[in-house]
Amino acid sequence: MIWNEKIECASRDEMDAIQSERLIQTVKRIYHSNESYRKKMQEKGLVPGDINSIRDISKLPFTIKSDLRDNYPFGMFTTPMSEIVRVHASSGTTGKPTVVGYTRNDLQMWAEVVTRSLAMAGVHKNDIVQVAYGYGLFTGGLGLHYGTENLGATVIPISGGNTDKQILLMQDFGTSVIACTPSYALYLAEVMKEMGITPESLNLRIGIFGAEPWSENMRKEIETKLKIKAIDIYGLSEVIGPGVSCECEYQCGMHVMEDHFIPEIINPETLEPVEHGEMGELVFSTVTKEGMPILRYRTRDLTRLIYDKCECGRTLVRMEKCLGRTDDMLIIRGVNVFPSQIETVLLEMSETEPHYLLIIDREETLDVVNLMVEVQEQFFSDEIKQLETLRKKITDRIQSTLGISIRVKLVEPKTIERTAGKAKRVIDNRKI
Ligand code: DLL
């Protein structure tokens, strides 16, 4: 079902017109209501009248995460606090959290884009949706929650963690849709197996997975282990939360809710727009948000935009699965490495589990990478020779994929810590 056919199937000209009009209004409002934005525009010699259509978007200044930190906590808001009805925040790894604020209309719009996403995934009114993303300052739980209610399906607001209870409710309540991080979905499958619960005995049919990168191989793994269709959903709190884009049933890129969030792809070094369809850093401008609109926010996520026709009939532009961020790219002995490349290799091998931890140290002047990999129970033999052969096989495969040598350490199943939220796969001990 297409939730909002008029918008989701609009022609490019119609979408251009909607975006242009909304962008003009947003720029005007931001300029007159937020000092920090006004200053940035003035520094570029810009006044709102310079923005007359979507094609002028690249004249606008970028916004980056540190702008939010510098204006902590509420300095990026463009409405009085009396209009703000909710805040969320993302913790990040360093310093103060980044805070975002929503008016009542913003919450309604958010529910609408999550509802569209769920409908794209094939969820309908009769579904029972277990929301196992964290509730709280993180946008995952509440974002999926209100979108599900707005669709008219039943929501189970269990939040993250408490794995035994998750499985119990799936069995007793007949959960048909699970929403959580892809790494937690794999963990759920693992625990179910231990408990002797087969996916066939459950009612699950769809998974709404996002909040962290996951490869095509990981999709296959989850779909086989849980016997479901695994759908990728993308979002970030600075823009709204989950529901910025989502895959449809054809699973060929995530349709961006372009009438609210305008995507651009830039070269992260030159900051210039890339050629049509090329890979680069994803940038978003929101054009309907009231509480905290954001202009040209640099997400750090790497992807490309796909303008081809989609079989589902939607015309919303698609973004390719995000497999890395400019800031999770590791530079090891001068070579660029994304953790997702390791995941892809491990999932292509039948002997390993997709659970791994990369530990990077600097010995003298040399970067040394240790990779801990979990081996499947049946392959974790006592015979040192067999394990050594496997270790060598993994080492060779990774070396030929990444182009650097690493030390592989095989560990028993379940050695690497599982999380209910975003997985942590890298420990970088280098002091650079
Ligand atoms: O993770 C919002 C969300 C919740 C999305 C639930 C999907 C489902 P933040 O905590 O602000 O918001 O983190 C945003 O997470 O810039 C990406 O790097 C990453 N991310 C989110 N979704 C995906 C995805 C939520 N589907 C950051 N694939 C983003 C890859 C993703 N990375």
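Conventions used here
Within every chain, residues take consecutive numbers counted from 1 along the sequence as written. A pLDDT threshold of at least 70 governs which residues receive local features in this predicted model, and a stricter bar of 80 or more applies before side-chain atom pairs are shown or counted, although totals over entire chains, interfaces and linings include all residues. Side-chain numbers here rest on the full set of heavy atoms in the structure, without hydrogens or water. Strands are treated as partners if at least two bridges between them are detected by DSSP. Helix numbering and strand numbering both begin at the N terminus, where a helix is a DSSP run of H or I of at least 4 residues and a strand a DSSP run of E of at least 2. What makes two residues a contact is simply this: any of their non-hydrogen atoms within 4.5 Å. Here the axes come from fitting lines to C-alpha atoms, over the contacting stretch only for helices, and the angles between their N-to-C directions go from 0 to 180 degrees. Where a domain begins and ends is set by an automatic assignment or by a domain database. Here the quantity called buried area is the total loss of accessible area, with a 1.4 Å probe, experienced by two parts when brought into contact, counted for both. When a carboxyl oxygen of Asp or Glu lies within 4 Å of a side-chain nitrogen of Lys or Arg, that pair is called a salt bridge. Each residue is assigned to one of three classes by its accessible area relative to the maximum for its type, calculated with a 1.4 Å probe on protein chains only: buried under 20%, partly exposed between the two thresholds, exposed over 50%. Only rings of Phe, Tyr and Trp enter the pairing, Trp through its six-membered ring, and a pair is recorded when the two centres are within 6.5 Å. The plane angle decides the type: under 30 degrees is stacked, over 60 is edge-to-face, the rest tilted. Think of it as a cone above the ring: NZ of Lys or CZ of Arg counts as a charge over the ring if it is within 6 Å of the ring centre and within 35 degrees of the ring normal. Among the buried residues, those of types Ala, Val, Leu, Ile, Met, Phe, Trp, Tyr and Cys that are joined through side-chain atoms within 4.5 Å form a nonpolar core. Any two cysteine sulfur atoms within 2.5 Å of one another count as a disulfide. Angular relationships are summarised with four words: roughly parallel below 35 degrees, roughly antiparallel beyond 145, roughly perpendicular across 65 to 115, and oblique for the angles in between. In this scheme the handedness of a crossing depends on how the near helix is turned from the far one: anticlockwise by less than a right angle means left-handed, clockwise means right-handed. Counted as a polar contact is a pair of N or O atoms within 3.5 Å, where, for protein atoms, one must be capable of donating a hydrogen and the other of accepting one, and residues adjacent in sequence contribute only when both atoms are in side chains. Here, proximity means that at least one heavy atom of the residue falls within 4 Å of the molecule or strand. The accessible surface values rely on the Shrake-Rupley method and a 1.4 Å probe; as for residues, cover is taken only from the protein chains in view. All amino acids are sorted into three groups, where Ala, Val, Leu, Ile, Met, Phe, Trp, Tyr, Cys and Pro are nonpolar, Asp, Glu, Lys and Arg are charged, and the leftover types, Gly among them, are polar.

J.: Which residues make up the sheet that holds strand E4 (residues 154-156), and what are the values?
T.: Ordered in space as E4-E3-E5-E6-E7-E8-E9-E14-E13, the nine strands form an open sheet in which the pairing is mixed. Each edge of the open sheet carries a strand with a single partner, namely E4 and strand E13 (305-306). In terms of strand pairing, E13 meets strand E14 (residues 318-319) through two bridges, oriented antiparallel. Following the sheet pairing, Ile 306 is matched in E14 by Arg 318. Running over the sheet, helix H7 (residues 163-173) touches strand E3 (128-131), E4 and strand E5 (177-180) and is turned about 175° from E3. Against the sheet, helix H8 (residues 182-194) contacts E5 and strand E6 (206-210), and its axis sits at roughly 125° relative to E5.

J.: Can you break down the domain arrangement of the protein residue by residue, with the values?
T.: The domains assigned to the protein are domain 1 (1-326) and domain 2 (330-428). Computed over C-alpha atoms only, the centres of domain 1 and domain 2 are separated by 30 Å. At the boundary of domain 1 with domain 2, total buried surface from both sides reaches about 1500 Å², with 54% on carbon and sulfur atoms. Here Lys 414 makes a salt bridge to Glu 194, at a shortest N to O gap of 3.2 Å. Sort the elements by how many residues they give to the side of domain 1 that touches domain 2 and H8 lands first, with six residues.

J.: Give a description of the side chain of His 260 that names residues and reports values.
T.: Along the chain, His 260 falls in the loop between strand E9 (254-256) and strand E10 (261-266). The class for His 260 is buried, based on a relative accessible area of 9%. Other than its neighbours up to four places away in sequence, His 260 contacts Arg 22, Met 109, Val 113, Arg 116, Ser 285, Thr 286, Val 287 and Thr 288.

J.: Before we move on, can you summarise the sheet that holds E10 with the specific residues and values?
T.: The strands that make up a sheet pair up through hydrogen bonds in the backbone, lying either parallel or antiparallel. An order of E10-E11-E12-E15 is seen for the four strands of this open sheet, with the pairing classed as antiparallel. Each edge of the open sheet carries a strand with a single partner, namely E10 and strand E15 (324-325). Relative to E15, strand E12 (residues 297-303) is paired through two bridges, and the arrangement is antiparallel. Paired with Asp 301 across the bridge in E15 is Arg 325.

J.: Describe the packing of aromatic side chains, and please don't skip the residues or the numbers.
T.: Scanning all chains against the criterion turns up five aromatic pairs. Ring geometry for Tyr 102 versus Trp 110: centroids 5.0 Å apart, planes at 10°, classification stacked. Trp 110 carries the same exposure label as Tyr 102, and that label is buried. Positioned over the ring face of Trp 214 is Arg 219, at 5.6 Å from the centre of the ring. The ring centre of Tyr 102 lies 5.9 Å from the NZ or CZ of Lys 289, which sits over that ring.

J.: Can you explain the nonpolar core? Please cite residues and give values.
T.: Counting 70 residues, the largest nonpolar core has Leu 60, Val 123, Ile 208, Tyr 234, Phe 261, Phe 284 and Met 319 as its most contacted members. No other element matches helix H5 (residues 104-121), which puts seven residues into this core. With residues near it in sequence (within four places) discarded, Phe 261 still touches Met 109, Val 113, Val 239, Ile 240, Gly 243, Val 244, Val 256, Phe 284, Ser 285 and Thr 286.

J.: How would you summarise the state of the cysteines if you had to cite specific residues and measurements?
T.: On inspection of all chains with the given rule, the structure shows zero disulfides. The structure places no disulfide on Cys 180, whose sulfur is separated from the nearest cysteine sulfur, that of Cys 246, by 14 Å. Classification of Cys 180 as buried rests on a relative accessible area of 0%. No disulfide involves Cys 322; its sulfur sits 13 Å from the nearest other cysteine sulfur, which is in Cys 246. On the accessibility criterion, Cys 322 (10% relative accessible area) is buried.

J.: Talk me through the packing of helix H9 (residues 216-226) against helix H10 (residues 339-348); I want residue IDs and the actual numbers.
T.: Packing of H9 against H10 brings their axes to within 8 Å, and their N-to-C directions diverge by 45°. In this view, H9 runs oblique relative to H10, as classed from their interaxial angle. As for how H9 packs across H10, the hand of that crossing is left-handed. Here H9 contributes Asn 217, Met 218 and Glu 221 to the contact with H10, which in turn contributes Glu 343, Thr 344, Leu 347 and Glu 348.

J.: Provide a residue-level description of unusual backbone geometry, including the pertinent values.
T.: In the segment running from Tyr 72 into Pro 73, the intervening peptide bond is cis, with an omega of -5°. As for its placement among the helices and strands, Pro 73 is situated in the loop between helix H4 (65-70) and strand E1 (84-90). Located in the positive-phi region is Ser 159, a residue other than glycine, with phi close to 70°. The topology assignment puts Ser 159 in the loop between E4 and H7.

J.: Describe the environment of Arg 304, listing the residues and the values that go with them.
T.: Residue position: Arg 304 is located in the loop between E12 and E13. Classification of Arg 304 by relative accessible area gives partly exposed; the value is 29%. As a C-alpha pair, Arg 304 and Glu 278 span 26 residues in sequence and 5.6 Å in three-dimensional space. Excluding its chain neighbours within four sequence positions, the residues that come into contact with Arg 304 are Ile 265, Gly 277, Glu 278, Met 279, Arg 318, Met 319 and Glu 320. A distance of 3.5 Å separates the side chain of Arg 304 from the backbone oxygen of Gly 277, its partner in a polar contact.

J.: Residue-level account of the site of the ligand, with values.
T.: In the region of the ligand, 20 residues are neighbours, and Asp 232, Ile 233, Ser 237, Asp 301 and Lys 422 sit closest. Against a free-state accessible area of 600 Å², the protein chains account for coverage of 93% of the ligand. Every element with two or more residues in the shell around the ligand is listed here: helix H6 (139-151) and strand E7 (229-236). Take the shell around the ligand: its biggest share by element is five residues, from E7. When the residues that make up the shell around the ligand are grouped by side-chain class, the tally is nine nonpolar, five polar and six charged.

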